[in-house]
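Okay, here's what each chain looks like letter by letter:
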Amino acid sequence: MTSVAPPPPLSAGPAVVRVTVSDPRVEPLLRELGDEYSARYGKDAHAELARYPDEEFTAPYGGVLLLLLEHGEPVAGGAFRRYDETTAELKRIWTHSAHRRRGLARRVVAELEREASARGYRRIHLTTGPRQPEARGLYLTTGYTPLFDTEADPESIGPLPFEKHLPAAPPQKEAAGS
């Protein structure tokens, strides 16, 4: 009897890792975002990326920075910071230019929402630039409510604000013997 090898396991996709802004794997994210913002808005957007202190994207300050790694290399990422006691603000959502059109940004947003909910946030707030139709589309298709007139010329609005209310995190199971 001939044996047939089982099919290879399905890949769950890129691994999710929490990192700090100083992690060298974050450099492509910051470089590409800065270059893209500068190309779209005609100014040095690298300064915008330095607008918030790095520690705001760490757990002790209520934030997080996530990367999706494929074969150890960053392919997408994003972060949130504390906006207020119940609201996280999404920042720096990025997909590597060589890995776009794969749904990675949706995965980043979902991972950030999951992390925010687990930390007790009940709402997400974010803004995106008026010259970023891909980002606008991402937030509209992932359930975010636009806090602006979607029929208006985005250039007449400025930063486009969105929000999304998060479900309560499931209760943590208590360890046996607690």
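Data block above holds the structure.
These numbers were taken from a predicted model, which means no experiment stands behind them.

Moving on: the packing of aromatic side chains. Considering all chains together, one arrives at four aromatic pairs under this definition. Aromatic side chains Tyr-139 and Phe-162 sit 5.6 Å apart centroid to centroid with 55 degrees between the ring planes, which places their arrangement in the tilted category. With a gap of 23 residues between them, Tyr-139 in helix α4 (residues 133-141) and Phe-162 in strand β7 (residues 160-165) connect regions that are remote in the sequence. Here the two residues Tyr-139 and Phe-162 agree in accessibility, since each one is buried. What links up through ring pairs into an aromatic cluster is the set Tyr-139, Tyr-144, Phe-148 and Phe-162.

In a regular helix each residue adds 1.5 Å, so 15 residues correspond to 21 Å; helix α3 (residues 104-118) covers 21 Å between its end C-alpha atoms and thus fits that length. Taken together, the buried positions of α3 are Leu-104, Ala-105, Val-108, Val-109, Glu-111, Leu-112, Glu-113, Glu-115, Ala-116 and Ser-117. After α3 finishes, the residue Gly-120 shows a positive phi value of roughly 95 degrees.

Side-chain direction in a regular strand flips from residue to residue, so the side chains alternate between the two faces of the sheet. Among the six residues of strand β5 (residues 123-128), five are classified as buried, and the element is accordingly described as predominantly covered. Across three bridges, strand β4 (residues 87-95) lies against β5 in parallel orientation. When the bridges of β5 are listed, Thr-87 appears paired with Arg-123. This β-α-β element, β4 to α3 to β5, shows right-handed connectivity.

Parameters at a glance
Residues numbered from 1 in each chain as written. Predicted model: local features only at pLDDT ≥ 70, side-chain atom pairs only at ≥ 80, totals over all residues. Heavy atoms only, no water. Phe/Tyr/Trp six-rings, centres within 6.5 Å; stacked < 30°, edge-to-face > 60°. Helix = DSSP H or I, 4+ residues; strand = E, 2+ residues; numbered from the N terminus. Buried < 20%, exposed > 50% of the residue type's maximum accessible area, 1.4 Å probe, protein only. Expected span 1.5 Å × (residues − 1). Pairing = 2+ DSSP bridges. Right-handed = clockwise from strand over helix to strand, strands pointing away.

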